[in-house]
Amino acid sequence: MVPVNIREQIEKAEMVLVGLGEELQCPESVRRLPEYGTGRDRLTESELPWLLPAWDDYCEGRVKADTGAVLEKFADILADKNYFIVSVAMNRSIADAPWKEGRLVMPCGTALKLQCAGKCDRDPIPLSEKDKCLLEEIMGDLYQGRFQPEKAEGLGPCEECRSPMVLNNVWVGKNYNEKGYLEQWHQYTKWLQGTLNRRVLILELGVGMRFPTVIRFPFEKAAFFNQKAVFCRINEKLYHMTEELKGKGQGISQNAIDCLRNL
Ligand SMILES: [Zn+2]
């Protein structure tokens, strides 16, 4: 099979469905940082795993990763297309990229909003400047090897039930407040219904198997049921295409950020 030219496929498509995954969450330059893995382990084992996306953002800034610039260029390439972005990566650089209004959904959450850790279902709220400074301080401490989890109490108690406030992402666990993204999710499912029988390019970029029911499986299904779909799966390791999609799609063994950088 001739390798797909992604730029050309984007031009030919009527609609473009994009999935962003773990490879964008953790670029090579961040992975190489010795402090990164140590901090990650520390948070994973702690009572505060919901700080993980903040740690990724912090380290991305620390190594001056070019993820933001790469995504800005990608948004520019997509500018005159009818597209939708679904991301299981939780980075600030994805949330901040200049996508078209209302065309991004991040179902796993981010480090950009706070929610109540308890059971009350107040809507998640954006971080205040004070919260952002505190988070930066906690991450700075962690980077220096002196993590002080008690500082996170400074994010305040919930005004309604006095439970602690935590970052609104899946690592909160069973009390993850999905109100942070549900409205966008409805927009997305509506948009997805509109792709049927249209020339849709499905671009899956660096999506692993951590949350396969959000992007990988539904994207395969969308490609399977649409006669005119073209499916490109770009991934360093998990690039294999299912048997049913042979001929319609192609798996490319490449890191997603490298792929976008060279578009
Ligand atoms: Zn509460």
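First, a word on what this report is: a plain description of the structure on this page. All values reported here derive from a predicted model rather than from experimental measurement. (Residues numbered from 1 in each chain as written. Predicted model: local features only at pLDDT ≥ 70, side-chain atom pairs only at ≥ 80, totals over all residues.)

1. What to know about the environment of valine 207
Consideration 1: Secondary-structure assignment places valine 207 in the loop between β7 (200–205) and α10 (216–225).
Consideration 2: The sequence separation of valine 207 and tyrosine 176 amounts to 31 residues, and the corresponding C-alpha distance is 21 Å. (Helix = DSSP H or I, 4+ residues; strand = E, 2+ residues; numbered from the N terminus.)

2. Overview of the sheet that holds strand β1 (residues 15–20)
Consideration 1: If you trace the six strands from one edge of the open sheet to the other, you get β3-β2-β1-β7-β8-β9, paired in parallel fashion. The open sheet is flanked by β3 (104–105) and β9 (249–253), the only strands paired with a single partner.
Consideration 2: Pairing analysis gives five bridges linking β7 to strand β8 (residues 230–235), with the strands arranged parallel. Counted as the bridge partner of glutamate 204 is arginine 233 from β8. (Pairing = 2+ DSSP bridges.)

3. Details of helix α8 (residues 129–143)
Consideration 1: The end-to-end C-alpha distance of α8, which contains 15 residues, comes to 21 Å, matching closely the 21 Å that a straight helix rising 1.5 Å per residue would cover.
Consideration 2: Those residues of α8 that sit buried are Leu135, Ile138, Met139 and Leu142. Around the axis of α8, the buried residues are gathered within 95° of arc, so they sit on the same side. Opposite its buried face, α8 presents the exposed residues Glu129, Lys130, Cys133 and Gly140, each directed more than 90 degrees away.
Consideration 3: Close packing links the buried residues of α8 with α4 (34–45) and α5 (52–62).
Consideration 4: Just past α8, the residue glycine 145 takes up positive phi, approximately 85°. (Expected span 1.5 Å × (residues − 1). Buried ≥ 20, exposed ≤ 12 C-beta atoms within 10 Å, placed from the backbone. Arc of directions from axis to C-beta. Contact = placed C-beta atoms within 7 Å.)

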